[in-house]
Amino acid sequence: MLLITRPLPKLQASADAFEQAGINAVGVATSDIQSIPSKANELQQFLLSSPSVNSIIVTSIYAVPATLDALNHVSLLSAPTTLIAVGDATANALLSANLPFKIVTPSLHTSEGILVMQQLNEANCTQVVIIKGEGGRDTLAHVLGGRGISVTEFCVYKREPLTNPIYTKVWKIGDVSGIIATSENMAKQLISSHSMQLLALPWLTVSERVATSLRNLGIARVSVCNRATDQALIAWVKENWEY
């Protein structure tokens, strides 16, 4: 049996995807997602007053509602603005809105993958907006700012820790053969709420940055799948793990 961490809104869908693929898995949510309306309003006002934005980075599907609401209130941005979607689900959600903007995704769905994109390394890239959750993707603003780019961040949602983790089915730690952690925060929450036996199991995560953090916690066997979709994780597990 595998454990897979997901925020509460994605929990059941991810667990169902693994089960339908023939993988015995239990989903565990250690946090929920809450929107921050005041920050979404600030984003809208910023775009209305600063039309010369070159790129808007949308870091997750949870940032899409605020992004769409803001862009629907902006009749025109003077710069040829590109939307950079971090992940397939985020890109698909933006594409479904039929926005008059080019929408692209990085080859690697990580901060490092975003930073090497052509759109963010051109001489005429001077202003970037990052739409994200609280406490996430700090590297982006730091590196882009170091290049002389004006970066404005809007944290339009936050992760609320759950008092007790929520599981998609009953499980025992002795039945677990591997853990899939889709974020550093959820991995740490999972470890803190369970036996240290979890550290001895093989882990799979979605970026080298998160993998390094897990190794620093004492987890020796950590692998990386550079896409966080259920389909990519399922394919990696089928190729590399016994389950």
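I will try to describe carefully the structure that is included in this document.

Here is what the cut-offs are and how they apply
Residues numbered from 1 in each chain as written. Predicted model: local features only at pLDDT ≥ 70, side-chain atom pairs only at ≥ 80, totals over all residues. Heavy atoms only, no water. Buried < 20%, exposed > 50% of the residue type's maximum accessible area, 1.4 Å probe, protein only. Helix = DSSP H or I, 4+ residues; strand = E, 2+ residues; numbered from the N terminus. Pairing = 2+ DSSP bridges. Axes fitted to C-alpha atoms, helices over the stretch in contact; angles between N-to-C directions. Contact = heavy atoms within 4.5 Å. Left-handed = near helix turned anticlockwise from the far one by under 90°. Polar contact = N/O pair within 3.5 Å; in protein donor to acceptor, adjacent residues only side chain to side chain. Salt bridge = Lys/Arg side-chain N within 4 Å of Asp/Glu carboxyl O. Core = buried A, V, L, I, M, F, W, Y, C linked by side-chain atoms within 4.5 Å. Phe/Tyr/Trp six-rings, centres within 6.5 Å; stacked < 30°, edge-to-face > 60°.

### Brief notes about the pairing of strand β3 (residues 55-58)
Of the two faces of β3, the one holding Ser55 and Ile57 and the one holding Ile56 and Val58 are both buried throughout. With four bridges connecting them, β3 and strand β4 (residues 82-85) associate as parallel partners. Bridge pairing links Val58 to Ala85 in β4. The pairing of β3 with strand β6 (residues 127-133) spans four bridges and is classified as parallel. Counterpart to Ile56 in the pairing with β6 is Val129.

### Some words on the sheet that holds strand β2 (residues 25-35)
The strand order across the open sheet formed by ten strands is β5-β4-β3-β6-β7-β2-β1-β8-β9-β10, and the pairing between neighbours is mixed. Unpaired on one side and paired on the other, β5 (102-104) and β10 (222-224) mark the two borders of the sheet. Taken over all neighbouring pairs, the strand axes of this sheet differ in orientation by 20 degrees on average, direction set aside. Across four bridges, strand β1 (residues 2-5) lies against β2 in parallel orientation. Among the inter-strand pairings, Leu2 is bridged to a residue of β2, identified as Ala25. Docked against the sheet, helix α8 (residues 208-216) engages β9 (203-205) and β10, running at close to 175 degrees with respect to β10.

### Some thoughts on the pairing of strand β8 (residues 178-181)
Residue alternation in β8 divides its side chains into two sets, Gly178 and Ile180 and Ile179 and Ala181, and both sets are buried. The pairing of β1 with β8 spans three bridges and is classified as parallel. Bridge pairing in β8 places Ile4 opposite Ile180. By the bridge criterion, three bridges tie β8 to β9 in an arrangement that is parallel. Its bridge partner lying in β9, Ala181 is registered against Thr205.

### Things to note about the packing of helix α1 (residues 11-20) against helix α9 (residues 230-240)
Running from amino to carboxyl end, α1 crosses α9 at an angle of 40 degrees, the nearest separation of the two axes being 10 Å. When the axes of α1 and α9 are compared, the crossing they make is right-handed. For the pair α1 and α9, contact is made by Ala13, Ser14, Ala17 and Phe18 and by Asp230, Leu233 and Ile234, respectively.

### Some remarks on the side chain of Ser60
In this structure, Ser60 sits in the loop between β3 and α3 (64-72). Judged by relative accessible area, which is 12%, Ser60 ranks as buried. Within the structure, Ser60 has its side chain in polar contact with the side chain of Tyr157 (distance 2.9 Å). Excluding residues that lie within four positions of it along the chain, Ser60 makes contacts with Thr90 and Tyr157.

### What about the pattern of salt bridges?
The full count for this structure, using the stated rule, is ten salt bridges. The closest approach of N and O atoms between Asp88 and Arg227, which form a salt bridge, is 3.4 Å. In this pair, Asp88 sits in helix α4 (residues 88-95) while Arg227 sits in the loop between β10 and α9, placing the two residues 139 residues apart along the sequence. Three or more residues are tied together by salt bridges with common partners; here these are Lys132, Asp138 and Glu153.

### Section: the nonpolar core
In a soluble, globular protein the nonpolar side chains are often hidden away together inside. Counting residues in each nonpolar core, the largest one holds 29 residues, and the members touching the most others are Leu47, Ile56, Leu83, Leu94 and Val129. Among the elements that make up this core, the one with the highest residue count is α3 (five residues). Apart from the residues within four sequence positions on either side, Leu83 is in contact with Ile56, Leu71, Leu94, Leu99, Phe101, Lys102, Ile103 and Val104. Val176, Ala181, Ile191 and Trp203 belong to the second-largest nonpolar core, a separate cluster that totals 20 residues.

### So, the packing of aromatic side chains
Under the counting rule described, the total for this entry stands at four aromatic pairs. Ring geometry for Phe46 against Phe154: centres 5.5 Å apart, planes inclined by 55 degrees, an arrangement best described as tilted. With a gap of 108 residues between them, Phe46 in helix α2 (residues 37-49) and Phe154 in strand β7 (residues 150-167) connect regions that are remote in the sequence. Of the two residues examined, Phe46 and Phe154, each falls in the buried class.

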